[in-house]
Amino acid sequence: MSQESQSAGVRRRRRRLRELKEHRMERRMHSDHIFHYNVHWRIISYLMDKSTKAPLVVHGIRGSGNSILAMSEQLSKILLAKTPMLVLRFLGTAVENSSVLPLLQSLVQQLSMLGNQSPRTGLTVELLKVQLNLLLKHGTAECPLVVILDSLDQLDTSHNGRYLMWLPASLPPHCKIIVSSLPEEKYETFPALKKLFPDEDRYIQVPELDQRDAHSIVASWAQKWNRTLTQTQMELLLTTFRKCPTPLFLKLSAVQTVRAC
């Protein structure tokens, strides 16, 4: 790539970043994904940072990771390229995503297909790890690669999957990996992440939503959906939300409440 093309690419990325900042992510992505403003800018910085070679770790109470990682997928499309290579897994939602062996097999298969290669079969966890590291090099400046793995804590203990020795410790250029995990030690994955990536800058803690933010978000949703919540409905929803203050629970509760309007 010529120096002129590289400079043009840098200018485009800076322009996208400036526009996003000015519009505050288009009214918080129309509130389709709940997020903490500082959390999102940390993720934006990570996606735009060409110097870092380590994955980014998102952690918080259960239910907070899904919104952040779904948002990360959208940000990847906006910031990095019109058609970035995206690989997304929600662990624990199916048998093939609950154990490290089938997880690596599916990742290697998808990345091979993205690179127009025939995936190798019958590989062990160690060989799959080697293959994964090779396939992560498929990212380019024009088409970067972003791998998003939600809920590492949902992996079972087979093949020592929760120790995360299969997770790439150093990433090639034009490749980003974003993962999420519960922080409790009993799940083993978060302590393992701390050992693999001791740099605190690689971690983002997702804070709980407070009552004021929850009220504003629900009101914004109701307006978008052309619905009006009574004071009683709003108070009941927020009282229920206090028992489980997660973005996912708030969204589900709001949908049910609005349907009753």
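Attention in this report is confined to the structure presented alongside it.

Overview of the overall build of the protein
Link 1 in the chain: Tallying secondary structure elements over the protein gives nine helices and five strands in all.
Link 2 in the chain: Counting over 261 residues, the protein shows a buried share of 46%.
Link 3 in the chain: A separation threshold of at least 6 residues defines the contact pool for the protein, and within that pool the share at least 24 residues apart is 76%.
Link 4 in the chain: With an accessible surface of roughly 14,100 Å², the protein has 51% of that area assigned to carbon and sulfur atoms.

A short note on the nonpolar core
Among soluble globular proteins, nonpolar side chains are generally buried collectively.
Link 1 in the chain: Counting residues in each nonpolar core, the largest one holds 43 residues, and the members touching the most others are Leu136, Trp166 and Leu193.
Link 2 in the chain: With six residues, the top contributor of residues to this core is helix H4 (residues 100-114).
Link 3 in the chain: Setting aside residues up to four positions removed in sequence, Leu136 forms contacts with Leu111, Leu145, Val147, Pro168, Leu171, Pro172, Cys175 and Ile177.
Link 4 in the chain: Ranked by size, the runner-up nonpolar core spans 14 residues in total, among them Leu209, Val218, Leu229 and Leu238.

So, the packing of aromatic side chains
Link 1 in the chain: Scanning the model with the defined rule gives two aromatic pairs in all.
Link 2 in the chain: Centre to centre, the rings of Phe190 and Tyr203 are 5.9 Å apart; their planes meet at 80°, and the pair counts as edge-to-face. In this pair, Phe190 is assigned in helix H6 (residues 189-196) and Tyr203 in strand S5 (residues 203-206), connecting sequence segments 13 residues apart. Here the two residues Phe190 and Tyr203 agree in accessibility, since each one is buried.
Link 3 in the chain: Both rings, one in Trp221 and one in Trp225, keep their centres 5.8 Å apart while their planes meet at 10°; by these two values the pair is stacked.
Link 4 in the chain: Relative accessible area serves as the criterion here: at 26%, Trp225 is assigned to the partly exposed category.
Link 5 in the chain: The ring of Tyr46 has Lys176 lying over it, and the distance from NZ or CZ to the ring centre is 4.7 Å.

What counts and what doesn't
Residues numbered from 1 in each chain as written. Predicted model: local features only at pLDDT ≥ 70, side-chain atom pairs only at ≥ 80, totals over all residues. Heavy atoms only, no water. Helix = DSSP H or I, 4+ residues; strand = E, 2+ residues; numbered from the N terminus. Buried < 20%, exposed > 50% of the residue type's maximum accessible area, 1.4 Å probe, protein only. Contact = heavy atoms within 4.5 Å. Areas by Shrake-Rupley, 256 points an atom, 1.4 Å probe, with all protein chains shown as cover. Core = buried A, V, L, I, M, F, W, Y, C linked by side-chain atoms within 4.5 Å. Phe/Tyr/Trp six-rings, centres within 6.5 Å; stacked < 30°, edge-to-face > 60°. Lys NZ or Arg CZ within 6 Å of the ring centre and 35° of its normal.

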